[in-house]
Amino acid sequence: MEKLYIWLIVVIIILVVNYYRDKKTDEEFEIQQEFNKKSILAYQIENREVRTDFEEFNEDEFWKLIEKSSESCKGSYKNQLGLLMDYFRKYSKEELIQLDNLVNRLYREFISQDLLAASYIIFKTSEISATYLLMSIFMTRGRVFYKNACLNPNLIIGKKLNEISDYTIPDAISEIYKRKTDMLIPIPEEQEEFEIKGKKWSERELPSKYSELWLAFA
């Protein structure tokens, strides 16, 4: 009986030692992985190319992809973005840059103070990234809806916002480019400045100035 007890103690000690040894190994592996990840990102940033191609992807073809992707996603933004990424994978790195040129031009052309207000009310943040997300959501609903909803954000009222991620269409394009080339998508040497159309608003004005959106989403 005493021998059995000693044997059990020895087994427990071995198990404990192995547990902490494996845990230490796992921690060391995670630290090394994090270091490698940061090193790769540093290399990608330091060697990111300057964008020289500003030609745009065919807009009609882009909206056909949007329409095709929306048919089977039942309003799920996350699923539709995943399907769009599958479509984007077939394009060359040059075509991906041209696709990015098109989408960013559509952003610049339609962004407004009303859209900033709408995204503030819906997503509870004043970050410009929230406005780009809202515009991506509009975009996934097709050409007509995108252009009309950008002019009148109230059109989103009553629409289901299913499975919303914080990923935008340009994020998806950039991700595919990185997977294809192991580099970050080129950016212009100087970011183009553009004016956000419309009258600026203050937070206290939102409930009354955008009353329908406020009642629907606040």
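Look up a bit, the structure's there.
Residues numbered from 1 in each chain as written. Predicted model: local features only at pLDDT ≥ 70, side-chain atom pairs only at ≥ 80, totals over all residues. Heavy atoms only, no water.

Moving on, we get to the packing of helix H2 (residues 59-70) against helix H4 (residues 93-110). At a closest axis distance of 11 Å, the pairing of H2 and H4 adopts a crossing angle of 85°. Our classification of the angle between H2 and H4 gives roughly perpendicular. Where H2 abuts H4, its residues Glu59, Phe62 and Trp63 lie against Leu99, Leu102, Val103, Arg105 and Leu106. Partitioned by chemical class, the residues of the contact of H2 with H4 number six nonpolar, no polar and two charged. (Axes fitted to C-alpha atoms, helices over the stretch in contact; angles between N-to-C directions. Helix = DSSP H or I, 4+ residues; strand = E, 2+ residues; numbered from the N terminus. Parallel < 35°, antiparallel > 145°, perpendicular 65-115°, else oblique. Contact = heavy atoms within 4.5 Å. Nonpolar A, V, L, I, M, F, W, Y, C, P; charged D, E, K, R; others polar.)

Let us look at the layout of surface pockets. The probe, sized like a water molecule, is rolled over the atoms to show the empty space still left. For the largest pocket, the calculated volume is near 710 Å³. Every residue lining the largest pocket is counted, 25 residues in all, and those nearest its centre are Arg51, Asp100, Asn104, Pro188 and Gln191. Of all the secondary-structure elements, those providing two or more residues to the lining of the largest pocket are H4, helix H6 (128-139) and helix H8 (169-181). Considering only residue class, the lining of the largest pocket consists of nine nonpolar, six polar and 10 charged. (1 Å grid on protein atoms, 1.4 Å probe; cavity = no way out; pocket = protein on both sides within 12 Å on 5 of 7 lines; lining within 4 Å. Points joined across faces, edges and corners; volume = space filled by probe spheres on them.)

A few words now on the side chain of Glu175. Take Glu175: it is sitting in helix H8. The class for Glu175 is buried, based on a relative accessible area of 19%. A distance of 3.4 Å separates the side chain of Glu175 from the side chain of Tyr167, its partner in a polar contact. If we skip the residues at most four places from it in the chain, Glu175 touches Met85 and Tyr167. (Buried < 20%, exposed > 50% of the residue type's maximum accessible area, 1.4 Å probe, protein only. Polar contact = N/O pair within 3.5 Å; in protein donor to acceptor, adjacent residues only side chain to side chain.)

Summed over the entire model, instances satisfying the criterion amount to eight salt bridges. Across the salt bridge formed by Arg51 and Asp100, the nearest N and O atoms sit 2.9 Å from each other. Pair noted here: Arg51 is in the loop between helix H1 (2-46) and H2 and Asp100 is in helix H4, with a separation of 49 residues, a long-range link. In this structure, Glu56 and Arg105 form a salt bridge, with 3.1 Å as the shortest nitrogen-oxygen distance. Taken as a pair, Glu56 in the loop between H1 and H2 and Arg105 in helix H4 lie far apart in primary sequence, 49 residues in all. Given a relative accessible area of 31%, Glu56 falls into the partly exposed group. Members of the salt-bridge network, linked through shared partners, are Glu56, Glu59, Arg105, Glu109 and Lys147. (Salt bridge = Lys/Arg side-chain N within 4 Å of Asp/Glu carboxyl O.)

Turning our attention to the nonpolar core. Grouped together as the largest cluster of nonpolar side chains are 50 residues, with contacts concentrated most on Phe62, Phe88, Phe138, Met139, Tyr146 and Ile169. Listing elements by their share of this core, those giving two or more residues are H2, helix H3 (77-88), H4, helix H5 (113-123), H6, helix H7 (143-151), H8 and helix H10 (211-217). Of the residues forming this core, the biggest block, eight residues, is contributed by H4. Once residues lying within four places of it in the same chain are set aside, the contact partners of Tyr146 are Trp63, Leu106, Tyr107, Phe110, Met135, Phe138 and Met139. (Core = buried A, V, L, I, M, F, W, Y, C linked by side-chain atoms within 4.5 Å.)

Here we take up the packing of aromatic side chains. Tallying each qualifying case throughout the model produces seven aromatic pairs. Plain terms: the ring middles of Tyr120 and Trp201 are 5.8 Å apart, the flat faces sit at 70° to each other, and that makes the pair edge-to-face. Of this pair, Tyr120 sits in helix H5 while Trp201 sits in the loop between H8 and helix H9 (206-209), and the two are 81 residues apart along the sequence. Considered together, Tyr120 and Trp201 belong to a single accessibility category, that of buried residues. These aromatic residues form a ring-pair network of at least three members: Phe62, Trp63, Phe110 and Tyr146. (Phe/Tyr/Trp six-rings, centres within 6.5 Å; stacked < 30°, edge-to-face > 60°.)

Before going further, it helps to spend a moment on H2. Given 3.6 residues per helical turn, the α-helix brings residues three or four places apart onto the same face. Helix length check: H2 (12 residues) gives 17 Å between terminal C-alpha atoms against 16 Å at 1.5 Å per residue, within 8%. Those residues of H2 not exposed but buried are Glu59, Phe62, Trp63, Leu65, Ile66 and Ser69. An end-on view of H2 places all buried positions within 150° of arc, on one side of the element. Buried residues along H2 sit in contact with H3, H4, H6, H7 and H8. (Expected span 1.5 Å × (residues − 1). Arc of directions from axis to C-beta.)

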